[in-house]
Structure formats: structure tokens, C-alpha cells
Amino acid sequence: MKKHEKAARTTPFDTLLVANRGEIACRVMRTARRMGLKTVAVYSDADATARHVREADEAVRLGPAAARESYLNIDAVIDAAKRTGTGAIHPGYGFLSENGSFVKALEEAGITFVGPPASAIAAMGDKSAAKARMANAGVPLVPGYHDDDQDDALLRSEADKIGYPVMLKASAGGGGKGMRVVESGDGFQAALDGCRRESKAAFGDDRMLIEKYLVQPRHVEVQVFCDRHGNGVYLFERDCSVQRRHQKVIEEAPAPGMTAELRSAMGDAAVRAAQEIGYVGAGTVEFLLDGSPGQDGSFYFMEMNTRLQVEHPVTEMITGQDLVEWQLRVAMGEPLPCSQEELTITGHSFEARIYAEDPDQDFLPATGLLTRFALDLEGAGLSSFENQDQVRLDSGVESGDAVSMHYDPMLAKLIVHGSDRDAALATLNRALAALDVQGVVTNRAFLMRLATHPGFKNVELDTRFIERNEATLFAPRTYSMEAYASAALIGLHQLAQECESDSPWDRHDGFRLNAPHTIRIALCDPANVQASDSDDAVVIVEGKRNAGESLWNLTIGDDTLTASLQPLTGDAVAVTLNGHRRRLQARRDGHVVVMADPSGETRLFWRRIDAIDHGHHEAESTLTAPMNGTMVALLVEPGVAVEKGMPLMVMEAMKMEHTMTAPADGSVETFHFQAGDTVSQGAVLLDFAANE
């Protein structure tokens, strides 16, 4: 910890404007209200009824849905602050949080920025210049090219010198935008072109840097905090190795396997990096920790995020500190609340990011209306006194909210704490099972597969964890007899609840005069709803029970099980099969039964046997838009022969590019959209002629 004798002037304020949206705006306002501050939200037309707007004391419209006309409009944000008498602005993360021009404009307007000075943002915003500053501060660096000359041929030459694989990164970027791994020189130019497009669209800057791509790196970052009095501390580290497309999926603190010596070395280097650039406030210094054999303890500076991080709650959980409160107090001119010696680690914490996306469709962003969004802690057995502080849901949405195409698809963050890593992981699995999201596809099931994966449990972590375990994480779904029986039982229970009168003609529960109630239910993977009755993917379950009895006899093929269902608290049910009782979180999403417990999630489509559609459907010779977005590029000419899997066009949605490929050998007859066109989900993109 470093101290200077001269203290900076204090800048108290009683009104805080949060220049952001979604879960981070709600999170910041929660602490601000607790501190007695008045809160002001800003919003675009797409967010006029959003949760962060509803929760604020005041809210001001910025402009249309497009971020550049609303949340990125500096003049509109400052005008909103002046209209509401705001003394300070918290930028959250993303949008204007690392925009030096915004900070300077606030200084001119006499408004406090809850964050670092513009000079510190500039020092770390240009990643190439930041590398040089870190080298001067004695912070270890990954071999790479960080200079200003951006000639394509020179960049290719530098990549060849460094040795493949290399990582292309946007110099002004972050959040996984404008990044590609290049395995060989043959793919370098195409990757460079794609990175430049993404970087230009996201940051208005297409400069690139190149770094050696470590084969088994762990992504370990250190939370630092500095005040205006020269004090600097680190609040330990987080492991963010589990990523897809360079975006974090599950984070944890502290990093598994961290020794006291390595923690101290990384922490000291992080504080040194922050003080090198005159940093103030919350920041995160990101390192690559080399996990290759014989390289334990080698770490390299990657970048510094000059803002609060998405994953800051895991640090709060293990330290007992409110980092947003620290930010606000530092912005008011107060010294840091704790010295390095006063900070300690208690237990272990995980954060899982809940995205509106479909992992089974290459993580395509999803949109729609959230018909239900709830965390059933009581039903999951997590509402007892000893568990009430172990689970936290930081969310920017509620039931009834719409998820649009205009912004990042993250809905919420599920954060848990336990006495150690195993206990925290068990709580994470139970809490994921308790999360009920309907109306919009999410990554919950994928998160459960990650959290229950043996490699994750055994800390076999590196930034390619998902890639290395793709075969098991995305394995074809298989279903046990218990899963079919449980889904059938839940369906039978629902039919019984739908009985509207005592008349046998109105009953839905298989009533038969002087005979057992009998219902035949067909079950299949939701992806196989159109399967024929001869398809092995469809399983028929026959349920029988006598009038007035609670037990069903379920026949599946040659096997018969005695079964019963007992509703519990919330969405929880107890399913008993042949005397074996299991507690499940169960809900119905249309005709899909969703069952979850700490071991994972199961989804099965069900209908009474007379409702099954047995028809076959031929594949369409068109490609439709999998999400709302913008057409970026057409990659082939109409009439030119293409092979199955060949890229045909590139769409952009929620700040990421998505490539559509040929469904078969053939040719494109007509493109229905051109580069720059807005495309709606489900729209026919092209006419395709498949070879005979």
C-alpha cells in the first residue's frame, strides 16, 4: 500500500445518475439507495418500461433504441444529469464506462465521475501503449506485437515471427469483441478482416494487436482499488477461465490452487500496474496464468479494465465488502475503507451468467417476452436461515419484461457462496435448478452441464475448457427410464388438474367407467417433435390407476413402475418411482416438461398419444434468420456452386457476428437482403437450390 501526504479535495453528492441499463444499473442503485442517495436512471425507447427505470427515483429518456443514439450519447446523458440535479454519474460497465471523452465532459460540467481519471482510461484503453507502460512498471508481458504500424502484411509477418497459434485482439476492445485465435498463416487474413469489422463496429477503431496464444492458460484477474490519497490495495483474485468466444461464463473466487506466494506476487503486480497510471477507483488487472506443465506460477499481464467488472460479486462474497459502496466513497474523496492487512478471504464463491441465448444453436442470441423469471429458493431448499446469504441473483429483468435485439443478451447473474469450493459448487447446482425462466431460451441447462462436469469439479481449468470438453458438453441427449417416467407422471398430474367438473365427459385424466383410468402419453426430445410413431426417439408411456387412488402404474415397453407425485413448495415436486423418492424442480413450458435437480436439467416434449403429429416434414430449401439482427456481408455470388457447410452470409446481432452456411451442396438462387439491411427473426434470407 502506498500513501501520499497530500489529500485530494472531497466531492460529496446526494444524487447519483447511473448511465447504464439492465442488471448493473439495478445493482448500482441498490447500494446507492442503501447509502441514502437519490437515484436517477436513463433509458432508450426500447427500455422505457425496463426494471432499472421502474426502480429509480427519477428517469430520463435519452433517445431511440440504438445505443449510439441513447446510452452512448454523451450530450444526452449530461443533459439528463443537469435536469435532475445530479452530482455524480456511475457508468456501470460497457457503454461509456471507459470513454475518456465522457469523463472530460463531466469534468467540464462539474459532475463527479464514479471511476478513474480520463488519463488512466486513456493509458489502458490503448492496449498497445498499455503494454509498454506495464513493461516499464515491471509487470510481466506475453510475447506479442503492440505497435502502431497496422499494415496487413506487417501484421502477418509479426504473427509468423511470434509463432502460431496467435491471438488477434482489438487494440481498443474488450468483452470478446474483435478477437480471433489464428492457428496458422493460411487463416490469418480472413481472421484479421473479421476482427477489424467487429472492432470498427463495436469501438470505432480497427487497430489490432497480436499476442502469443498460450496452450493451457488460466484467466486469473485481480481486483484492485485506489483512492485519491495515494492508497492502493488488491481484493484478491478471481478465476475466469471458463469462457466461450472469449466471454466469461462462470467465474469464481478465490482462484483454485492459488498459493499465498503467487497471490501476493499477482496482487502486488496489479497494484503496481494501477499506480503506474495514477489510477483511482475500482479496476481489474487481468493476467494469463500459464497452466502448462513446468510453468506453474508464470503469469502475464493481459489487460486492465478501468471499471467495475461483471463478476465483481464473487469478490464481494468472499471479502464481505460492497465494491459499489467503495466506489461511491472514493468518488466522494474518502480514503479506502480497509488497508491490505485488514482484507481477508472467507469461503468460496461462484457466479454464473444467465444469457438469453441458445447453446444448442451455436449460442445464438434469443429474444422474446419473459413470461416468467423467478428463483424458487424455497422450493429448492435454499431459503433456510443458514442459506439465506449464500445465494444472490443480480438481475435487470422481471416476469413480463421483453428481451430485445438491441443490447447485450445477459439477463442476470446467479452468485453463490459456500464454506469451500465443493460446498459453493453444490449450492450453485441447486440454485441453477431453482431458476425458472420461461418465454425466452436461455443458457441455464448449459450452465448446469458445465457446473456438474467432472473436469470442472476437479479444477481442470483453462480458457479452452469448453472447447476441450465439447464432445461431452454438447453430447446428444439421452434419457433414462426414470426421466421418461417422471415426465409422464408430471404430464398425468397436469391432466388431472385440468378436470373442470365431475362429469366424465369433461374429464382429462383417462376416466373409464368401471375400469382403471388409462392415458397413453408420447414423449420425445423437443427437437424431435415431428418424429413418426416408428421413430425410436418417441417413447410411449401408458398410465393406469384406479379411481380415488394416487398411485399410477406406468408401463414403458416391457417395464412397469409404480409411481406417485406430491406437490411441494413453489415449483418443487416429489416423484416416487418404485419406492424411490426424488425431489425435483418441475414446470411446464407449453408441451415441454422441464425437470431440474442439482445433477442437471431434462426437457421432454409430451402429448397424449392421439395428439401426436405423425407426419414427416421435408427440409426447406431456404435459410431463415435465427435472430433479429443486421446483415453484414454476402460471401458468395448467386448461381455459384457451393458445398455443404460453406459460409454464405454474415449477420450481426447483440454486438457479435454470426455466419450462415450452406445446408447442402448446391447454389444460392437469390439473396433477399443486402449488407446493412435489418433482418427480423424468421425472415427468409435466401432461396437455395440443392443438387439432385
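1. Things to note about the overall build of the protein chain
Then, number 1: When helices and strands are tallied, the protein chain shows 17 helices and 39 strands.
Then, number 2: Each of the three principal axes of the protein chain carries a C-alpha extent, and together these read 95 × 65 × 60 Å.
Then, number 3: By sequence separation, contacts in the protein chain at least 24 residues apart represent 64% of the contacts at least 6 residues apart.
Then, number 4: Carbon and sulfur atoms make up 47% of the accessible area of the protein chain, which amounts to about 28,900 Å² in all.
Then, number 5: One finds the centroid of the 67 positive side-chain charges in the protein chain at a distance of 5 Å from the centroid of its 100 negative side-chain charges.

2. Concerning the sheet that holds strand 10 (residues 217-226)
Then, number 1: If you walk across this open sheet you meet the 8 strands as 14-13-10-11-12-15-22-20, and the pairing is antiparallel. Two strands close off the open sheet at either side, each with one partner strand: strand 14 (299-305) and strand 20 (391-395). Across the sheet, the mean angle separating the axes of adjacent strands is 25° when strand polarity is ignored.
Then, number 2: In this sheet, strand 12 (residues 247-253) lies alongside strand 11 (residues 232-244) in antiparallel orientation, the contact comprising 4 bridges. For Gln 243, the partnering residue across the bridge sits in strand 12 and is Lys 248.
Then, number 3: On top of the sheet, helix 10 (residues 312-319) reaches strand 10, strand 11, strand 12, strand 15 (348-355), strand 20 and strand 22 (410-418); it is set at about 20° to strand 22, its chief contact.

3. Thoughts on unusual backbone geometry
Then, number 1: In this model, Tyr 164 is joined to Pro 165 through a cis peptide bond whose omega is 0°.
Then, number 2: With respect to the secondary-structure elements, Pro 165 resides in the loop between helix 7 (152-162) and strand 7 (166-170).
Then, number 3: Omega for the bond connecting Ala 253 with Pro 254 falls within 30 degrees of zero, at -5°, which places this linkage in the cis form.
Then, number 4: Positive phi is not limited to glycine here, since Phe 363 has a value of about 60°.
Then, number 5: Positionally, Phe 363 belongs in the loop between strand 16 (357-358) and strand 17 (364-365).
Then, number 6: Residue class for Phe 363 comes out buried when judged on its relative accessible area of 9%.

4. What to know about the packing of helix 1 (residues 22-34) against helix 11 (residues 323-331)
Then, number 1: Helix 11 packs onto helix 1 with a crossing angle of 65° between their chain directions and a minimal axis gap of 9 Å. For helix 1 against helix 11, the interelement crossing comes out right-handed. Together, Arg 27, Val 28, Thr 31, Ala 32 and Arg 34 of helix 1 and Leu 323, Val 324, Glu 325 and Leu 328 of helix 11 make up the contact between the two elements.
Then, number 2: For the contact of helix 1 with helix 11, the class distribution of residues is 5 nonpolar, 1 polar and 3 charged.

5. Considerations on the sheet that holds strand 28 (residues 572-577)
Then, number 1: One closed barrel holds the 8 strands; their spatial order is 24-25-26-27-28-29-30-31, and the pairing between them is antiparallel. Pairs of neighbouring strands in the sheet enclose a mean axial angle of 35°, with direction left out of account.
Then, number 2: Across 5 bridges, the pairing between strand 29 (residues 580-589) and strand 30 (residues 592-597) is antiparallel. Residue Arg 587 lies in a different strand from strand 30, and its bridge partner there is Val 594.
Then, number 3: Strand contacts of helix 13 (residues 444-451): strand 30 and strand 31 (600-608), with the helix running at about 135° to strand 31, the strand carrying the most contacts.

6. Describing the nonpolar core
Then, number 1: If you look at the biggest cluster of nonpolar residues, it comprises 64 residues, and the most contacted ones within it are Leu 16, Val 224, Phe 225, Phe 287, Met 304 and Leu 328.
Then, number 2: Top contributing element to this core by residue count: helix 9 (residues 260-276), with 7 residues.
Then, number 3: If you look at the next biggest cluster of nonpolar residues, it comprises 41 residues, including Ile 250, Ala 352, Leu 382 and Leu 428.

7. Some thoughts on a negative patch on the surface
Then, number 1: On the surface, Asp 147, Asp 148, Asp 149 and Asp 151 cluster together to form a negatively charged patch.
Then, number 2: Structurally, Asp 148 can be placed in the loop between strand 6 (144-145) and helix 7.

8. Describing helix 5 (residues 118-125)
Then, number 1: Within the sequence span of helix 5, burial applies to Ala 118, Ala 120, Ile 121, Ala 123 and Met 124.
Then, number 2: Where the residues of helix 5 are buried, they touch helix 4 (100-109), strand 5 (112-113), helix 6 (127-136), helix 9 and strand 14.

9. What to know about the side chain of Glu 237
Then, number 1: Among the secondary structure elements, Glu 237 is positioned in strand 11.
Then, number 2: A polar contact is formed between the side chain of Glu 237 and the backbone nitrogen of Ala 255, at a distance of 3.0 Å.
Then, number 3: Polar side-chain contacts of Glu 237 include one of 2.8 Å to the side chain of Arg 263.
Then, number 4: Those residues in contact with Glu 237, other than ones at most four positions away along the chain, are Val 220, Glu 221, Val 222, Glu 252, Ala 253, Pro 254, Ala 255, Met 258 and Arg 263.

10. A short note on the pattern of salt bridges
Then, number 1: For the structure shown, the criterion picks out 49 salt bridges.
Then, number 2: Note that Glu 55 is salt-bridged to Arg 51, the shortest N-O span being 2.7 Å. Of this pair, Glu 55 and Arg 51 both sit in helix 2 (residues 51-55), separated by 4 residues, roughly a single helical turn.
Then, number 3: Of the residues examined, Glu 55 reaches a relative accessible area of 24% and is grouped as partly exposed.

Conventions adopted
Residues numbered from 1 in each chain as written. Predicted model: local features only at pLDDT ≥ 70, side-chain atom pairs only at ≥ 80, totals over all residues. Heavy atoms only, no water. Helix = DSSP H or I, 4+ residues; strand = E, 2+ residues; numbered from the N terminus. Contact = heavy atoms within 4.5 Å. Areas by Shrake-Rupley, 256 points an atom, 1.4 Å probe, with all protein chains shown as cover. Lys, Arg positive; Asp, Glu negative; His and termini not counted. Charge placed at Lys NZ, Arg CZ, Asp CG, Glu CD. Pairing = 2+ DSSP bridges. Axes fitted to C-alpha atoms, helices over the stretch in contact; angles between N-to-C directions. Buried < 20%, exposed > 50% of the residue type's maximum accessible area, 1.4 Å probe, protein only. Left-handed = near helix turned anticlockwise from the far one by under 90°. Nonpolar A, V, L, I, M, F, W, Y, C, P; charged D, E, K, R; others polar. Core = buried A, V, L, I, M, F, W, Y, C linked by side-chain atoms within 4.5 Å. Patch = residues over 30% accessible without salt bridge, like charges linked within 9 Å, V, L, I, M, F, W, Y side chains within 5 Å. Salt bridge = Lys/Arg side-chain N within 4 Å of Asp/Glu carboxyl O. Polar contact = N/O pair within 3.5 Å; in protein donor to acceptor, adjacent residues only side chain to side chain.

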